[in-house]
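Chains, contacts and geometry: an overview
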Amino acid sequence: MKKDDVLQLTIEDIGSDGEGIGHIDLSAGSYDEPQRRYTIFVKDAVIGDVVTVKIMKALQSFAYAKLVSIDKPSPDRVEPKCPIAAQCGGCQIQALDYNKQLEFKQKKVMNDLVRIGGFDESLISEITDPIIGMEDPYCYRNKEQVPVGTDKDGNPVTGFYASHTHSIVPMTSCAIGDPENDLILNTILDYMKAENVPSYDEKTGAGLLRHILIRSGVYSREVMICLVVNGDSLPSEEKLVELLRVLPFVTSISINTNKSRGNVILGRKLRVLWGEESIVDTLHIYKVEYEETAHFIPTGEAVNFRISPLSFYQVNPKQTEKLYSIVLEYCRLNGHETAWDLYCGIGTISLFLAKHAKEVYGVESVEDAVRDARNNARLNNIENVEFETGRAEDVLPAYVDRHKSEHRKHPVDVIVVDPPRKGLDDVTIGVMLAMAPPRIVYVSCDPATMSRDLKKLTAAQKDAAGNEFSYKLQRVQPVDQFGHTVHVETVVLMSRVENQP
């Protein structure tokens, strides 16, 4: 196989970046060599397509190809709702029927647990529940970070970066974003033209307006607009405020200063132009009952969160309510437990747990997030939760030392861990195993790194007394947080079992 070869193949799977995957059988090099399957990645192809492709880059065991034609469309191929779906790097699989997207994500979680985690296929099939999909996989994002650029005619544009580039695909209306954002973006573009505000140029570092951050409260309907500026101010700020404050639901307008070169979107300096510095939104708690799939029954409980431009907050709150309610279900709290929430962020999971536990401790290395978490606890009048700034591998052992005098067999009853995409490091895993709580609940945004970590967490261990134990996978629940993308969230329950000699 070499560059510029043209061939036909059937797309069988989806890759990590949303590209279609097909295979061909390469002929043996000599009579005693077997045929081998050669993998070809094709952008814009979906499972079931029969396509003609042109090889753009050929390597030893796989190749990248350009789609030449769709010779026989997949029965699961649909017309994307977004006209720039093929160019934009945001929704990689919008051309695939949503039910087929859910099927792909379910298989991805299960296959990674078997292939990377090394777990028995029959066990994974038994304990993995059907993925929880979205009622409507459009208009679900409560946050848009929109880069600002300049088109070939010198006009300012907003949009999203094309896949694997920093070239802006012009856009004011995102199919998975809040429909109100269209009006906001067009208003800011009109202001830029009227006041001759230059867009930022990544290559030269010149220009002024870099990004527009919009956050919306799904339940409160409060809207925050934050303009990221390569400077300390914008021209005619009072005119900008006058234009934006009259738009529906706008309650906060601010400027964020970011003069650094590079890919970091937000700087540390924030100045409010009008309204509040933050908005408030709510996450509701549900009782979860399982039949063939999970059913979410309202409990009347809710947790409010104050969100600033710099806060981390889940971008799909309605699915987050389901995700965190599953976490709460897996924790099996009855009001007497001590729970730890590692990588707690602004306290979203911690405050869910605090409603049902005796005490909750949240650990987060980002000091600003811990400050937000403490403020959110006060906002909800929740007093049985403490937040500590630091690394989990430092904070947890110190806690154990402080509580040795209580002579509790398990000073921690449950650990919830929600790490970043790279997963857990070995030190954190070692500390968790040394704590040996009866239950561990792992929340993942990447099934591959999750599977790698679960393999380590379920290996046989010895406690301080020399008794052997291990953790057993009990439940696996995939959740679709990001429709039309390849990303999938997963919640896993592990329980400690004593190994008999």
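Everything below is about the structure shown above.
Below you will find a few notes about this structure.

Before going further, it helps to examine the overall build of the protein. Along the backbone of the protein there are ten helices and 22 strands. A compact globule built from 501 residues should have a C-alpha radius of gyration of about 23 Å, and the protein, at 25 Å, falls within 12% of that. C-alpha extents for the protein along the principal axes are approximately 75 × 75 × 40 Å. By residue count, 52% of the 501 residues in the protein fall in the buried class. The centroid of the 56 positive side-chain charges in the protein is displaced by 3 Å from the centroid of its 72 negative side-chain charges.

This paragraph deals with the packing of aromatic side chains. Taken as a whole and assessed by the stated rule, the structure comprises eight aromatic pairs. Judged by centre distance (6.3 Å) and plane angle (85°), the rings of Tyr 286 and Phe 296 are edge-to-face. Here Phe 296 lies in strand β14 (residues 294-307) and Tyr 286 lies in strand β13 (residues 279-290), a separation of ten residues in the sequence. Owing to a relative accessible area of 21%, Phe 296 belongs among the partly exposed residues under this scheme. Ring geometry for Phe 469 versus Tyr 471: centroids 6.0 Å apart, planes at 85°, classification edge-to-face. Since its relative accessible area comes to 3%, Tyr 471 is described here as buried. Joined through ring pairs, the aromatic side chains of Phe 41, Phe 62 and Tyr 64 make up one cluster. Across the ring face of Tyr 200, the terminal group of Arg 210 is positioned such that the distance to the ring centre comes to 4.1 Å.

Glancing now at the nonpolar core. Residues Trp 340, Leu 454 and Leu 457 are the most contacted members of the largest nonpolar core, which totals 82 residues. Sequence-distant contacts of Trp 340, that is, excluding residues within four places in its chain, are made with Tyr 361, Val 363, Val 395, Leu 396, Tyr 399, Val 412, Val 414, Ile 415 and Val 416. Membership of the second largest hydrophobic core comes to 42 residues, among which are Ile 132, Tyr 330, Ala 339 and Leu 493.

Turning to empty space enclosed by the protein, a few remarks are in order. Summed over the entire model, instances satisfying the criterion amount to one cavity of 30 Å³ or more. Computed from the structure, the largest cavity encloses a volume of approximately 30 Å³. Its residues assigned to classes, the lining of the largest cavity comprises five nonpolar, no polar and one charged.

It is worth spelling out the pairing of strand β19 (residues 439-444) at this point. Counted residue by residue, β19 has six buried out of six residues, so it is predominantly covered. Of the two faces of β19, the one holding Arg 439, Val 441 and Val 443 and the one holding Ile 440, Tyr 442 and Ser 444 are both buried throughout. Here four bridges tie strand β18 (residues 414-417) to β19, and the two strands are oriented parallel to one another. Bridging from a neighbouring strand, Val 414 pairs with Arg 439 of β19. In this view, the connection linking β18 to its parallel neighbour β19 by way of helix α9 (residues 426-435) has right-handed handedness. Both β19 and strand β22 (residues 489-498) contribute to a ladder of six bridges, which runs antiparallel. Each residue of the ladder has a partner; that of Tyr 442, found in β22, is Val 492.

In contact at an axis separation of 10 Å, α9 and helix α10 (residues 447-457) are set at 40° when each is read in the N-to-C sense. Judged by the angle between their axes, α9 and α10 are oblique. The crossing of α9 and α10 is right-handed. Contacts from Asp 426, Ile 429, Met 432 and Leu 433 in α9 reach Asp 453, Lys 456 and Leu 457 in α10.

Here we take up the pattern of salt bridges. This model, assessed by the stated rule, comprises 28 salt bridges. The salt bridge partner of Asp 232 is Lys 269, with a shortest N-O separation of 3.2 Å. Of the two residues, Asp 232 sits in the loop between β10 (223-229) and α4 (237-245) while Lys 269 sits in strand β12 (residues 269-275), which places them 37 residues apart along the sequence. Lys 269 gets classed as partly exposed once you look at its relative accessible area, which sits at 47%. Three or more residues are tied together by salt bridges with common partners; here these are Asp 76, Lys 100, Glu 103 and Lys 107.

Summarising the element assignment, Asn 181 is placed in helix α3 (residues 181-195). Look at Asn 181 and you get buried, because its relative accessible area is 3%. As a C-alpha pair, Asn 181 and Arg 215 span 34 residues in sequence and 9.3 Å in three-dimensional space. Not counting residues up to four positions away in its chain, the partners in contact with Asn 181 are Glu 144, Thr 172, Ile 214 and Ser 216. There is a polar contact of 3.2 Å between the side chain of Asn 181 and the side chain of Glu 144.

Burial analysis of strand β9 (residues 209-216) places eight of its eight residues in the buried class, which makes it a mostly covered element. Both strand β6 (residues 143-150) and β9 contribute to a ladder of five bridges, which runs antiparallel. For Gln 145, the partnering residue across the bridge sits in β9 and is Leu 213. In terms of strand pairing, β9 meets β10 through seven bridges, oriented antiparallel. Following the sheet pairing, Ser 216 is matched in β10 by Val 223. Once β9 ends, the chain turns through six residues before running back antiparallel as β10, passing Arg 221 with a positive phi of about 65°.

Conventions and cut-offs
Counting restarts for each chain: residues are numbered from 1 in the order of the written sequence. Totals for whole chains, interfaces and linings use every residue, but because this is a predicted model, local features are given only for residues with pLDDT of at least 70 and side-chain atom pairs only at 80 or more, for both listing and counting. Water and hydrogen atoms play no part in the side-chain values, which are based on all heavy atoms of the structure. The way it works is that DSSP assigns letters per residue, a run of H or I at least four long becomes a helix, a run of E at least two long becomes a strand, and they are numbered from the N terminus. In this treatment the radius of gyration is a C-alpha quantity, and the globule benchmark scales as 2.2 Å times the residue count to the 0.38 power. Relative accessible area decides the class of each residue, using a 1.4 Å probe on protein chains only: under 20% of the type maximum gives buried, over 50% gives exposed, and in between gives partly exposed. This count recognises Lys and Arg as positive and Asp and Glu as negative, with His and chain-terminal groups excluded. Charge coordinates come from a single atom per side chain, which is NZ of Lys, CZ of Arg, CG of Asp or CD of Glu. Two aromatic rings, drawn from Phe, Tyr or Trp (for Trp, its six-membered ring), form a pair once their centres lie within 6.5 Å of each other, and the interplanar angle then sorts them: stacked below 30 degrees, edge-to-face above 60, tilted otherwise. The criterion is that NZ of a Lys, or CZ of an Arg, lies within 6 Å of the ring centre and within 35 degrees of the ring normal, and then a charge sits over that ring. By nonpolar core is meant a set of buried Ala, Val, Leu, Ile, Met, Phe, Trp, Tyr and Cys residues that side-chain atoms within 4.5 Å join together. Throughout, a residue-residue contact means that at least one pair of heavy atoms, one from each residue, lies within 4.5 Å. Cavities and pockets were defined on a 1 Å grid built over protein atoms only: a cavity is a set of grid points that admits a 1.4 Å probe from which the probe cannot escape, a pocket is an open set flanked by protein on both sides within 12 Å along at least five of seven lines, and lining residues are those with an atom within 4 Å of any such point. Grid points are joined across faces, edges and corners, and a volume is the space filled by probe spheres set on the points. For this classification, the nonpolar set comprises Ala, Val, Leu, Ile, Met, Phe, Trp, Tyr, Cys and Pro, the charged set comprises Asp, Glu, Lys and Arg, and every other residue, Gly included, is treated as polar. Strands are treated as partners if at least two bridges between them are detected by DSSP. Here a crossover is taken to be right-handed if, once the strands point away from the viewer, the path from the first strand over the helix to the second is traced clockwise. Only the stretch in contact is used when a helix axis is fitted, and all axes are lines through C-alpha atoms; the angle between N-to-C directions ranges over 0 to 180 degrees. Any angle from 65 to 115 degrees is called roughly perpendicular, while one under 35 is roughly parallel, one over 145 is roughly antiparallel, and all others are oblique. Crossing handedness: left-handed means the near helix sits turned counterclockwise from the far one by under a right angle, and right-handed means the same turn made clockwise. Put simply, a salt bridge is a Lys or Arg side-chain nitrogen that is within 4 Å of an Asp or Glu carboxyl oxygen. We call two N or O atoms a polar contact when they sit within 3.5 Å, provided that within protein one can donate a hydrogen and the other can accept it, with sequence-adjacent residues counted only if both atoms are side-chain atoms.

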